[in-house]
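Observations on the model geometry
Residue strings, one per chain:
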Amino acid sequence: MRIERLAVVGVGLIGGSFAAALKEAGGVGRVVGVGRGRANLDQALRLGIIDEIASDPALGVRDADFVLLAMPVGQMGTAMAAIAPALAPHAVVTDAGSTKRDVVANAYAHLASALDRFVPAHPIAGSEKTGAGAAAATLFRDRNVILTPLAENTEQAVARVRGAWLACGARVTEMSAADHDRTLGVVSHLPHVLAFALVDLVARHRDAERLFALAAGGFRDFTRIASSSPEMWRDICVANRDALAEVLATYRRELDDLTTMLERADAAALERLFTRARDAREAWMRGNGGTSS
């Protein structure tokens, strides 16, 4: 199952870490890096994450037996259209997008001749840091990777993508693209939106400088993910807008209930809510929460 020639289109945190993990595991021969920023690709080359640079996606994937698309989901369609004519007949293609229904739709539109070999995936691991310099061979160890296979996929293609992520140390599961987007809308996309919104609220406050000066660990921990890429999260939110809008409406109702408790000074209700939340989080942390992102 060794990958002889891997093309990574988008050598950032995820794409770079994928290449680094496979190199460390001895699961890849040569890695070609494709991307928009030459400085980032040069850094990836210096760090040994990639072995060569291709400025053109079509040239980068030519002769590759495995291709990872690791750019923001808003760029997936353009990337797929660019690589489609150059894919080798045996090349397996996957992605690392945080949403799946839009990625699948783009695959049907642009990768029609390779649908049997395009296996959508999402590694649930990351950081607020970006670029090849943030890549780490250990990023995916004991982290979840979700595959959302297409009906057209061959068993061999799914097995090859599964095997690549297992070689990176990940835990691999499967679900439908729709289930993926609903689930991640709750546990990933919503927290990011809330963190961005809170920081923006404070930043636009008339006394923002003093508020930031007095902010402590709780604010820092809650808003850490607001340091993530605005471009990436813009694309994720637009792509998963239906599921995200639905969960935001549910969260708004939760806040309305909380507001009522405060207005009534209902200490007992507040304590019950806080206790339920604390117990649920501690149970999650005792399970796999401590190693998930």
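Above: the structure in question.
Notes on the structure follow. (Residues numbered from 1 in each chain as written. Predicted model: local features only at pLDDT ≥ 70, side-chain atom pairs only at ≥ 80, totals over all residues. Heavy atoms only, no water.)

1. Some words on the nonpolar core
Residues Leu6, Val11, Phe18, Phe66, Phe140, Leu147 and Trp165 are the most contacted members of the largest nonpolar core, which totals 37 residues. Secondary structure elements with two or more residues in this core: β1 (3-9), α1 (13-25), β2 (28-34), α2 (38-46), β4 (66-69), β8 (144-147) and α6 (155-167). Ranked by the residues each element gives to this core, the list is headed by α1, at six residues. Among all residues touching Trp165, those that are not within four sequence positions of it are Phe18, Ala121, Pro123, Phe140, Val145, Leu147, Ala170 and Val172. One finds Val67, Ala79, Ala114 and Ala177 within the second-largest nonpolar core, a separate group that totals 31 residues. (Core = buried A, V, L, I, M, F, W, Y, C linked by side-chain atoms within 4.5 Å. Buried < 20%, exposed > 50% of the residue type's maximum accessible area, 1.4 Å probe, protein only. Helix = DSSP H or I, 4+ residues; strand = E, 2+ residues; numbered from the N terminus. Contact = heavy atoms within 4.5 Å.)

2. A few points about the environment of Ala197
With respect to the secondary-structure elements, Ala197 resides in helix α7 (residues 177-203). When the C-alpha positions of Ala197 and Leu147 are compared, they lie 30 Å apart, and in sequence the two are 50 residues distant.

3. Description of the packing of helix α4 (residues 76-83) against helix α5 (residues 101-110)
One way to put it is that α4 packs onto α5 with a least axis distance of 9 Å and a crossing angle of 30°. The orientation of α4 relative to α5 falls into the category roughly parallel. Where α4 crosses over α5, the handedness of that crossing is right-handed. Facing Met76, Gly77, Met80 and Ala81 of α4, the residues of α5 in contact are Val103, Asn106, Ala107 and His110. Considered class by class, the residues forming the contact of α4 with α5 number five nonpolar, three polar and no charged. (Axes fitted to C-alpha atoms, helices over the stretch in contact; angles between N-to-C directions. Parallel < 35°, antiparallel > 145°, perpendicular 65-115°, else oblique. Left-handed = near helix turned anticlockwise from the far one by under 90°. Nonpolar A, V, L, I, M, F, W, Y, C, P; charged D, E, K, R; others polar.)

4. So, the sheet that holds strand β7 (residues 121-124)
The strand order β7-β8-β9 describes an open sheet built from three strands, whose pairing is mixed. The open sheet is flanked by β7 and β9 (171-174), the only strands paired with a single partner. The average angle at which neighbouring strand axes cross in this sheet is 20°, direction not considered. As defined by bridge partners, β7 adjoins β8 across four bridges and the pair is classed as antiparallel. Following the sheet pairing, His122 is matched in β8 by Ile146. (Pairing = 2+ DSSP bridges.)

5. Some points on the sheet that holds β1
Strand order in the open sheet formed by six strands is β3-β2-β1-β4-β5-β6, and the pairing between neighbours is parallel. Of all the strands in the sheet, the pair left with one neighbour each is β3 (52-54) and β6 (118-119). As paired elements, β1 and β2 share six bridges and run parallel to each other. Following the sheet pairing, Ala7 is matched in β2 by Val32. Set on the sheet, α6 makes contact with β1, β4, β5 (92-95) and β6; between it and β5 the angle comes to about 55°.

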